[in-house]
Amino acid sequence: MKKRHKAAKRSVWTRGGCGLPCLQDGGRNFISPRGSLLRKSEILLRNDRGQAALLAITLILLLVILTTASLTVTGFTKRASSTQLERAQAFYAAEAGINRALAVLQRDPMWSGSAKSEDDQVDGDEVEGAVADGVYIEQVEVEWDSVSATDVTVTIRSTGRYRGARKTLAAGATISYDPFMCGAGVTNRGGVHIYGDYDSLTIENDDCTIGDNNDPTNLIFAGGYPGTSSLNIVKSNGGANKVVVCGNVYTPQEVFLAIDNGTGHEEYVVRGDVFAESIINAIYIEDGGYHPWDLTLPERPVLETADYFRKIAKSYGSANYIDIEEHTFTDMSVLNGVYFVQGTATLSPCPNYGVRATIVAAGGVVFPDDCDFQARKGAVLGIISLSDITINGGNGNPRVDAVMLCRDTLRFADAARINGSVTTWGIGYGGDAEAHGHQRGKVSAYAFSPGGKPVKMIYDEALFKCYPPGMPYTVTVDSLANHNLAF
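Every chain is numbered independently, its residues counted from 1 as its sequence is written. Where totals are concerned, whole chains, interfaces and linings use all residues; where local detail is concerned, this predicted model gives features only for residues with pLDDT of at least 70, and gives and counts side-chain atom pairs only at 80 or more. Side-chain descriptors were evaluated using all non-hydrogen atoms of the structure, hydrogens and water having been removed beforehand.

**Comments concerning the overall build of the protein**
- Strands here mean DSSP runs of E at least two residues long; helices mean DSSP runs of H or I at least four residues long; both are numbered from the N terminus. When helices and strands are counted, the protein shows 4 helices and 32 strands.
- Each residue is assigned to one of three classes by its accessible area relative to the maximum for its type, calculated with a 1.4 Å probe on protein chains only: buried under 20%, partly exposed between the two thresholds, exposed over 50%. Expressed as a percentage of the 487 residues in the protein, the buried residues total 47%.
- Any pair of residues with heavy atoms lying within 4.5 Å of one another is described as a contacting pair. In the protein, 58% of the contacts between residues at least 6 apart in sequence involve partners at least 24 apart.
- About 24,200 Å² of surface is accessible on the protein, with carbon and sulfur atoms providing 51% of the total. Per-residue and other accessible areas were derived by the Shrake-Rupley procedure at a 1.4 Å probe size, with only the shown protein chains allowed to occlude residues.

In C-alpha cells form, the structure reads like this:
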C-alpha cells in the first residue's frame, strides 16, 4: 500500500485585526509588511534624535571653548596691561631716583647715597623712599669711578618698584667744579685766581708768596680787557732760591717782572711758564718761558645776590640757615653740610678738623687772630663770601686749609698760609686791604706787599679733591641704560 505524504499545513491569518495577511513560521516569527515599515521608521527617528543631540552637544562644547578662550585672552590682556603699567611706574620711579641723585651730587659730589624706608617721603637730600601711593624709589647706589682735581666720575644705579614690578636704571655722570674754580682751563692744577676788573695788580714780596717747590701753584689774573691793565710781579729783596710765583702765570694782560735790591746772583721772579699778552723782562723766568696769549679764561662766576646761595644752603635743611647779622661758629668740629649766614660769619680756630662743610656768608667771613684750620685726610672746609674774607693771621704763621671763593677782597692782616685754592676778585694786605675792600671787584689797583711777613698761598690738590659741599658744580650725564631686576 502506498503511503501518501501530506504537505505541511500552512495557516494564513490576520493579526491584530488589521486585515493584512501575516505569515507564521513555525509559530515563532510573524512577518507583517506594516510592522516592518513601522520598525524602520522608528529606527530612522531614533537615529535622527541621536544626531541632533550630538550636534547640540558639539555646539555647546564649542561655545564653552570659545567663551573660555575669550575669557582667557581677556584676562591675559588685562594682566599684560597691568604688568605694563606696573613696569612703567617702576621705570618712572627709578628715573626719579636718578634725577634726585644728580641734584644732590650737584651740591655735593662726594655724596654716596642714603637709605630710606618705604614710608619715608622724599624731601631735600632724601632720595630713596615713597614718591607716590605704592610707588617707591627702592634703592639708589652711587659708585665713584674716578676722582680728580677737575671732576668726579660716578655711576648711579636706581631701582624703582611698583607692586610686583622692579626696574633698575644706571647712569654715568661727571660732576666738576665750574671752570673758574680750576684755573685757566689749560691745566688740571688750580691755584690762585684773581679776577680784578679794569686796574692793574702788583704782587710784591721778598718770600715765595704763591706756591713752592713741593706744591707749584698757578697764578691767574683776569684783569680788564687786554691792554687796559697789567700784572706786575716784583721780587723786593734778593735771594737766589726765592721766587714770588712758583708755578705758571696766566693772564691776557701784559706781565712786568722786576727784581729790587738784587744780590748780583742769578735770580728769578717766576719759576714756571708765563702765558700773557706781552712780557717785560722775560729773563726772570726760571724753568719755563714766555708764551703769547691765545687762551680763553672761563666766565666769571655770578655772585651778585645771596639768593642763589641761600637756596643751596636751605636745600640741606632749614637748621643750617642762620638769619642773623653776625654769627660765630664756636665748634667747627660738629659742622656737616652747608651753612648760610645772612650777615658776617666768624670762625673759631679748629686745628686738625675732620668735617666736610661749606660756610656761605653774605656779609663776609673772618678768621680770628692766630687762626689754625688744618684739615685731616678726607676733610675740607669751603668758604663762600659775598663780601670780603679777612685772615687776621698771627706771629705763629697760622695755616688755613680751605677752598675759598671771595666776591670782593681776600685780606691778610698778618702772616698766614692758605692751603687749598683761592678764587677772588681782589687781594690785599693790612691797611691797604682795608682801604680797598667792599668795592665789588674793583679792588686790584694796589700792591699786594705783606712787608716781610710770610704770606703764602699753596694749591693743595688733595684738599681740592675733597669737593666742599655747596660749591658751584656742574653735572654732565654721560650715559643712561636700564635693565629689569625682577617682576
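Anyway, onward from the coordinates.
**Here's the deal with the sheet that holds strand S12 (residues 245-246)**
- Note on pairing: DSSP must find at least two bridges between two strands before they are called paired. Read from one edge of the open sheet, 3 strands run S12-S15-S18, paired in parallel fashion. Taken across any chain shown, the strands that pair with only one partner, and hence form the sheet edges, are S12 and strand S18 (285-286).
- Here S12 pairs with strand S15 (residues 270-271) via 2 bridges, running parallel. Paired with cysteine 246 across the two strands is arginine 271, which belongs to S15.

**Section: the side chain of arginine 411**
- Structurally, arginine 411 is set in strand S28 (residues 399-412).
- Arginine 411 sits in the buried class, given a relative accessible area of 12%.
- N or O atoms closer than or at 3.5 Å make up a polar contact, with two conditions inside protein: a donor-capable atom paired with an acceptor-capable one, and, for residues adjacent in sequence, both atoms drawn from side chains. At a separation of 3.2 Å, a polar atom in the side chain of arginine 411 contacts the side chain of aspartate 388.

**Describing the confidence of the model for the protein**
- A residue's pLDDT is the confidence the predictor assigns to it, expressed on a 0 to 100 scale. Summing up the model confidence of the protein, the mean pLDDT is 76 and the portion of residues at 70 or higher is 69%.
- Confidence drops under a pLDDT of 50 for residues 8-18, and excluding neighbours within four residues, the segment shows 13 contacts in the predicted structure.
- Contacts of residues 432-446 to residues separated by more than four positions or lying in other chains number 50 contacts, the stretch itself having pLDDT below 50.

**Focus: the side chain of lysine 235**
- Examined against the element boundaries, lysine 235 turns out to sit in strand S11 (residues 230-235).
- Owing to a relative accessible area of 1%, lysine 235 belongs among the buried residues under this scheme.
- A polar side-chain atom of lysine 235 sits 3.4 Å from the main-chain carbonyl oxygen of tyrosine 268.
- Once you skip the residues sitting within four places of it in the chain, lysine 235 turns out to touch Asn205, Lys242, Val244, Ala258, Ile259, Asp260, Glu267, Tyr268 and Val269.

**Comments concerning the environment of asparagine 99**
- With respect to the helices, strands and loops of the structure, asparagine 99 is situated in helix H1 (residues 33-107).
- Using a relative accessible area of 46% as the deciding quantity, one classes asparagine 99 as partly exposed.
- Distance from asparagine 99 to valine 127, taken between C-alpha atoms, is 9.2 Å for residues 28 residues apart in sequence.

**A few points about the pairing of strand S6 (residues 151-162)**
- When you tally the buried positions in S6, you get 9 out of 12 residues, the bulk of the element.
- Two strands pair when backbone bridges link them, and strand S5 (residues 135-147) and S6 are joined in this way by 11 bridges, in the antiparallel orientation. Within S6, the residue paired with tryptophan 144 across the bridge is valine 154.
- Note that S6 and strand S7 (residues 165-177) share 12 bridges and pair antiparallel.

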